[in-house]
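# What the coordinates show
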Amino acid sequence: MVPHDTEQALSLLTDRPLVVLGGAGVSTDSGIPDYRGPDSTARLPMTYQDFRSGPESRQRYWARSHLGWSRMKRAEPNAGHQAIARLGANLVITQNVDGLHERVGTSPLVALHGRIAEVICLDCGQVSDRAALTSRMNDLNPDWAARHAHVASLPDGDVDLAQTAGFVVPPCLACAGVLKPHVVFFGENVPKPRVQRCFDAVDALAAADPRHAGAVLVLGSSLTVMSGLRFVRRAAKSGTPVVIVNRGTTRGDDLATLRLHVGTSEFATLLAEHRAPRTPRTLDRWS
């Protein structure tokens, strides 16, 4: 039997245009840990300023990220990713960097914080494939993965490793500059065009008659950081309904029209079944 609050949410969302905002909770069923769930370990991710501060900080980052990426790239999309792709949303905004929405053809899609499968040079701006860098790191650090196979994985595609001395970080092949994952670090701004595209999609949900307005559906995000919360605030300010599905409290709970403490995969699958059949559109550039 479907709980009453879930029935209310399904009724509200079944026939409305949607903008979906997804967080780390969408990928937990794929084996990628989240940041702030009930079983999460408190942690302080490296900031952009720390990364830029010197070679030692970058060595610490890459030594851990090299191990974490080797695991994350093996993750497979789960039922929640598949269901979100079938919703026919006006836009899916993911705060995740794992690329799993892209794997199932979700479109249109904005990867708000970028994709960890790409690398950018901070000196010349060249973007390259993470797999090529991984191969170079394996060659320069041949026993690193075997020595640290036991360490726990963390949400950003890194691992819980304190001792990183000795790890060799290769430079950019084009200019010998500093390489960084093509993702938005804490302390770094999301590119303005990416943000504006999300605002435009949220604004387009508003209607003069609230009965015909679209809705924002938040899945698996605590909305702790402003990069995602701002879209919920924008929707609430315009009177657009907001449904938040997340285990545990969120920073946007007081803005929600409906609030569900259920699994994201479970709810997204139910919603996909209730909405008219939709086929994922041609894969859109992730923005």
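Before any of the text, the structure's been laid out above.
This write-up is about the structure you can find in this document. (Residues numbered from 1 in each chain as written. Predicted model: local features only at pLDDT ≥ 70, side-chain atom pairs only at ≥ 80, totals over all residues. Heavy atoms only, no water.)

All right, on to the packing of helix α3 (residues 55-72) against helix α6 (residues 130-140) then. Contact pair α3 / α6: the axes reach a minimum separation of 11 Å and the direction vectors enclose 115 degrees. The angle between α3 and α6 places the two elements in the roughly perpendicular class. The element α3 and its partner α6 pack so that their crossing is left-handed. Taking contact as the criterion, the partners of Trp62, Ser65, His66 and Trp69 in α3 are, on α6, Arg130, Leu133, Thr134, Met137 and Asn138. (Axes fitted to C-alpha atoms, helices over the stretch in contact; angles between N-to-C directions. Helix = DSSP H or I, 4+ residues; strand = E, 2+ residues; numbered from the N terminus. Parallel < 35°, antiparallel > 145°, perpendicular 65-115°, else oblique. Left-handed = near helix turned anticlockwise from the far one by under 90°. Contact = heavy atoms within 4.5 Å.)

Our focus in this paragraph is the nonpolar core. In this structure, Trp62 and Leu179 are the most contacted members of the largest nonpolar core, which totals 26 residues. With residues up to four places along the chain from it excluded, the contact list for Leu179 reads Phe51, Trp62, Val119, Ile120, Cys121, Leu133, Arg136, Pro170, Pro171 and Cys172. Formed by 25 residues, the second largest nonpolar core is a distinct cluster that contains Leu18, Ile84, Leu109 and Leu219. (Core = buried A, V, L, I, M, F, W, Y, C linked by side-chain atoms within 4.5 Å. Buried < 20%, exposed > 50% of the residue type's maximum accessible area, 1.4 Å probe, protein only.)

Quick look at the sheet that holds strand β6 (residues 179-183) now. Spatial strand order, β5-β4-β6: three strands in an open sheet with antiparallel pairing. Both outer strands of the open sheet, β5 (127-129) and β6, are each paired with one neighbouring strand and no more. In this sheet, neighbouring strand axes are inclined to one another by 45 degrees on average, regardless of whether the strands run parallel or antiparallel. In this sheet, β6 lies alongside strand β4 (residues 114-121) in antiparallel orientation, the contact comprising four bridges. Bridge pairing in β6 places Ile120 opposite Lys180. Relative to β6, α3 is tilted by about 45 degrees, and along the sheet it contacts β4 and β6. (Pairing = 2+ DSSP bridges.)

Let us look at the sheet that holds strand β9 (residues 258-260). The strands that make up a sheet are held in pairs by hydrogen bonds between backbone atoms, and each pair lies either parallel or antiparallel. Read across the sheet, six strands follow the order β3-β2-β1-β7-β8-β9 without closing on themselves; strand pairing throughout is parallel. Edge positions in the sheet fall to β3 (109-111) and β9, since each has one partner strand and no second. Mean inter-strand twist for the sheet, computed between neighbouring axes without regard to direction, equals 15 degrees. By the bridge criterion, three bridges tie strand β8 (residues 242-245) to β9 in an arrangement that is parallel. Considered in β9, the bridge of Ile244 is made with Arg259. Lying on the sheet, helix α9 (residues 226-237) is in contact with β1 (18-22), β2 (91-94), β7 (215-219) and β8; it crosses β8 at an angle near 145 degrees. Each of β1, β7, β8 and β9 touches helix α10 (residues 264-274); the most contacted strand, β7, lies at about 145 degrees to it.

For the rest of this paragraph, the subject is helix α4 (residues 79-86). Buried within α4 are the following residues: Gly80, His81, Ala83, Ile84 and Ala85. In the core, the buried residues of α4 are packed alongside β1, β2, α5 (100-103), β7 and α10. By the N-cap criterion, in which a side-chain oxygen at the helix start approaches the backbone nitrogen of a residue two or three places on, α4 is capped by Asn78, the distance to Gly80 being 2.6 Å. Of the residues one or two after α4, Gly88 is the one with positive phi, at around 70 degrees. (Polar contact = N/O pair within 3.5 Å; in protein donor to acceptor, adjacent residues only side chain to side chain.)

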